[in-house]
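Okay, here's what each chain looks like letter by letter:
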Protein chains: 2
Amino acid sequence: MPQHSILDILPAQLRKEAMEKIRIVRFPAGQVLFSAGERCQGLPLVLQGSVKVQMTGASGHSIVLYRMGKDDICTLSIGCLMTGRGYRAEAVVEEEGEAAMIPRGVFDRLMDQSPEFRLGIMESYGRRLDDLMLLVEEVAFHRMDERLEEWLLARASRGVIAITHQELAVELGTAREVVSRLLKELERQEMVRLSRGKIELTGLVGSATPA
Amino acid sequence: MPQHSILDILPAQLRKEAMEKIRIVRFPAGQVLFSAGERCQGLPLVLQGSVKVQMTGASGHSIVLYRMGKDDICTLSIGCLMTGRGYRAEAVVEEEGEAAMIPRGVFDRLMDQSPEFRLGIMESYGRRLDDLMLLVEEVAFHRMDERLEEWLLARASRGVIAITHQELAVELGTAREVVSRLLKELERQEMVRLSRGKIELTGLVGSATPA
DNA sequence: GATCGTGTGTGACTTTATCACTGAACTACC
DNA sequence: GGTAGTTCAGTGATAAAGTCACACACGATC
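None of these values were measured; they are calculated from a predicted model.

Draft legend 1. Structural context of the protein's contact with DNA strand D. The local shell around DNA strand D holds 17 residues, among which Met-144, Thr-174 and Arg-181 of chain A together with Arg-196 and Gly-197 of chain B are the closest. Of all DNA strand D atoms lying within 4 Å of any protein atom, the proportion belonging to sugar or phosphate reaches 47%. A distance of 2.9 Å is found between a phosphate oxygen of DNA strand D and a side-chain nitrogen or oxygen belonging to Lys-184 of chain B. A distance of 2.7 Å separates a base oxygen of DNA strand D from a polar atom in the side chain of Arg-196 of chain B. The set of elements that each furnish at least two residues to the surface near DNA strand D consists of helix H6 (144-154) and helix H8 (176-188) of chain A together with helix H8 (176-188) of chain B.

Okay, structure coming up:
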């Protein structure tokens, strides 16, 4: 039984109709949900798991634009769905999970019939736009060492983070060497301990570089 | 009589109703349509003129995110309208013009009643998301000299561009000094001629730095 | 335990950002 | 028409970040 807040708020009858046409897709970690250039098959609602959306520039470099988790809507798909253009980014599964695929027809019908659904879609859209605007500002104006520390702190829950420098470079939209050097500097300051594919946080605390 | 494609496609009856509640706003060059933190009063449809949307980061630096021109929809406002949060960016008029302000109630009604209106809104949204994604890639990975040349070429229609180095720095999300130096270098190469507040394009052609 | 693929470290150099300051060009006002 | 004030532009010094090239280290596998 798919659980997603935007489905839960639908009136019973509409919800029942939608449920019948929705396809549930399980995805394992590492799977590519869609790549740049591909056409959109429907609107994915993330039920469980975590997916990162990243794009690769003309330069060949990649950057992670945002993540989707439980209860998120793949807002990016809506644009592709409506204009018929291909995706500009790609989506890669980080934690396995599942999504409900809403076909175009059902999406149109829900948009037509349910103000709640519309509101949910528009809110999701607003958040995504905000996220991207913040990312632009971050990339354009923030120092890389601060961004790295913030990134590490944001997922410091388990003390040890399993990630390669290359992957971390894509998260931040920079080069692997830059990440390696900054991490090495953090290690010298005894903020982290490094080993192959792993970063152990030891002495990193919020606002490490006070203004 | 306001002219906007998303209004033109409405069925006659709905269109008539909408027109009655729409407020037409004239704006002179330089006017700030909205600033960061402000609440959204309604959805602006740009009928005429040109508006740039820019945000200022925590660092105090600004960057232009995108522009709106004739027949555009201020997609950013939709998110604010739906979530009730304030704007994250500000909008400044570049060329005077006018906009039709659609109040929340009318917007909701049009979204409810008109599939054409919905499609127009979603398309506009998709385009904006694409724009921002491209901007992220541009800012993260492209060289400043190339971005500057592209910017100049993109509005080279009149041969002379009236803009200060500071304004150009905001366009590209960099510092004034960087723009000054790059422009000076272009002048040495006889690509441009510089004077106070003006840049004259002399020898700049597309793909100035072939791959 | 030799081999190979993938990660990581680092020097040398270029590009971009920041800071601090100078001078030049325009505006307005006496 | 001279002068004071403001906005623009130029530039040196230095720091941060990106690029290129290459060495080496780790861990899986044969």
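Having seen the model, we can carry on.
Draft legend 2. Examining the sheet that holds strand E7 (residues 192-195) of chain A more closely. Residues and elements named next belong to chain A. If you walk across this open sheet you meet the three strands as E6-E8-E7, and the pairing is antiparallel. Each having just a single partner strand, strand E6 (160-162) and E7 make up the two edges of the open sheet. With direction set aside, neighbouring strand axes in the sheet form an average angle of 20°. Across four bridges, the pairing between E7 and strand E8 (residues 198-201) is antiparallel. Across the sheet, Ser-195 pairs through a bridge with Lys-198, a residue of E8.

Draft legend 3. Looking closely at the pattern of salt bridges. Here the structure, examined in full by the defined rule, presents 33 salt bridges over all chains. A salt bridge links Glu-138 of chain A to Arg-147 of chain A; its shortest N-O distance comes to 3.6 Å. Close ionic contact of Glu-20 of chain B with Lys-16 of chain B constitutes a salt bridge, the shortest N to O distance being 3.6 Å. Linking Glu-20 of chain B with Lys-16 of chain B, this pair stays in helix H2 (residues 12-21), spanning four residues, or about one helical turn. Residue classification places Glu-20 of chain B among the exposed positions, given a relative accessible area of 59%. Lys-16 of chain B sits in the exposed class, given a relative accessible area of 52%. Because the salt bridges share partners, they merge into one network encompassing Arg-26, Glu-96 and Glu-98 of chain A.

Draft legend 4. Region of the structure containing the protein's contact with DNA strand C. Taken together, 18 residues sit near DNA strand C, with His-165 and Arg-196 of chain A together with Met-144, Thr-174 and Arg-181 of chain B positioned nearest. Each atom of DNA strand C within 4 Å of the protein was assigned to sugar, phosphate or base; sugar and phosphate come to 47%. In the model, a phosphate oxygen of DNA strand C is placed 2.9 Å from a nitrogen or oxygen of the Lys-184 of chain A side chain. Contacts to DNA strand C include Thr-174 of chain B, whose side-chain N or O atom sits 2.3 Å from a phosphate oxygen.

Draft legend 5. A look at the packing of aromatic side chains. For the structure on display, the rule yields five aromatic pairs over all chains. Between Phe-34 of chain A and Tyr-87 of chain A, the ring centres sit 3.6 Å apart and the planes meet at 10°, which makes this aromatic pair stacked. Linking Phe-34 of chain A in strand E2 (residues 32-34) with Tyr-87 of chain A in the loop between helix H3 (75-83) and strand E5 (90-102), this pair joins segments that are 53 residues apart in sequence. We note that Phe-34 of chain A, like Tyr-87 of chain A, is buried. On the numbers, 3.9 Å between centres and 40° between planes, the contact of Tyr-125 of chain A with Tyr-125 of chain B is tilted. One end of the pair, Tyr-125 of chain A, is in helix H5 (residues 115-141); the other, Tyr-125 of chain B, is in helix H5 (residues 115-141), on a second chain. According to the relative accessible area criterion, Tyr-125 of chain B is buried, its value standing at 0%. The side chain of Arg-155 of chain A reaches across the aromatic face of Trp-151 of chain A, ending 4.3 Å from its centre. The ring of Tyr-66 of chain B has Arg-128 of chain B lying over it, and the distance from NZ or CZ to the ring centre is 4.0 Å.

Draft legend 6. Focus on the sheet that holds strand E7 (residues 192-195) of chain B. All names here are of chain B. With respect to topology, three strands assemble into an open sheet ordered E6-E8-E7, the strand pairing being antiparallel. Every interior strand has two partners, whereas the edge strands, strand E6 (160-162) and E7, have only one. Ignoring which end each strand starts from, the neighbouring axes of this sheet average 20° apart. As paired elements, E6 and strand E8 (residues 198-201) share three bridges and run antiparallel to each other. Residue pairing across strands places Ile-161 opposite Ile-199, the latter belonging to E8.

Draft legend 7. Layout of the pairing of E8 of chain B. Here E8 of chain B shows a clear split, with Ile-199 and Leu-201 of chain B buried on one side and none of Lys-198 and Glu-200 of chain B buried on the other. The turn linking E7 of chain B back onto E8 of chain B is made up of two residues, and Gly-197 of chain B within it adopts a positive phi angle of 75°.

Draft legend 8. Seen up close, the interface of chain B and chain A. The interface of chain B with chain A comprises 44 residues on the first partner and 43 residues on the second. At the junction of chain B with chain A, the criterion picks out six salt bridges. Among the secondary structure elements, those contributing two or more residues to the side of chain B that touches chain A are strand E4 (62-68), helix H3 (75-83), helix H4 (104-113) and H5 of chain B. Tallying contributions element by element places H5 of chain B first for the side of chain B that touches chain A, with 20 residues.

Draft legend 9. Layout of the relation of the copies chain B and chain A. When chain B is fitted onto chain A, the two copies agree to an RMSD of 0.1 Å after a turn of 180° and an axial shift of 0.0 Å. The two molecules are tied by a two-fold rotation axis, judged by turn and shift. Taking C-alpha positions as the reference, the residue of chain B nearest the rotation axis is Val-136 of chain B, at 2.7 Å. Comparing interface residues between copies, 98% of those in chain B also sit at the interface in chain A, which points to an isologous, same-surface contact.

Calculation rules
- Residues numbered from 1 in each chain as written.
- Chains lettered and ligands numbered in written order.
- Predicted model: local features only at pLDDT ≥ 70, side-chain atom pairs only at ≥ 80, totals over all residues.
- Heavy atoms only, no water.
- Near = heavy atom within 4 Å.
- Polar contact = N/O pair within 3.5 Å; in protein donor to acceptor, adjacent residues only side chain to side chain.
- Helix = DSSP H or I, 4+ residues; strand = E, 2+ residues; numbered from the N terminus.
- Pairing = 2+ DSSP bridges.
- Axes fitted to C-alpha atoms, helices over the stretch in contact; angles between N-to-C directions.
- Salt bridge = Lys/Arg side-chain N within 4 Å of Asp/Glu carboxyl O.
- Buried < 20%, exposed > 50% of the residue type's maximum accessible area, 1.4 Å probe, protein only.
- Phe/Tyr/Trp six-rings, centres within 6.5 Å; stacked < 30°, edge-to-face > 60°.
- Lys NZ or Arg CZ within 6 Å of the ring centre and 35° of its normal.
- Contact = heavy atoms within 4.5 Å.
- Least-squares fit on C-alpha atoms with pLDDT ≥ 70 in both.

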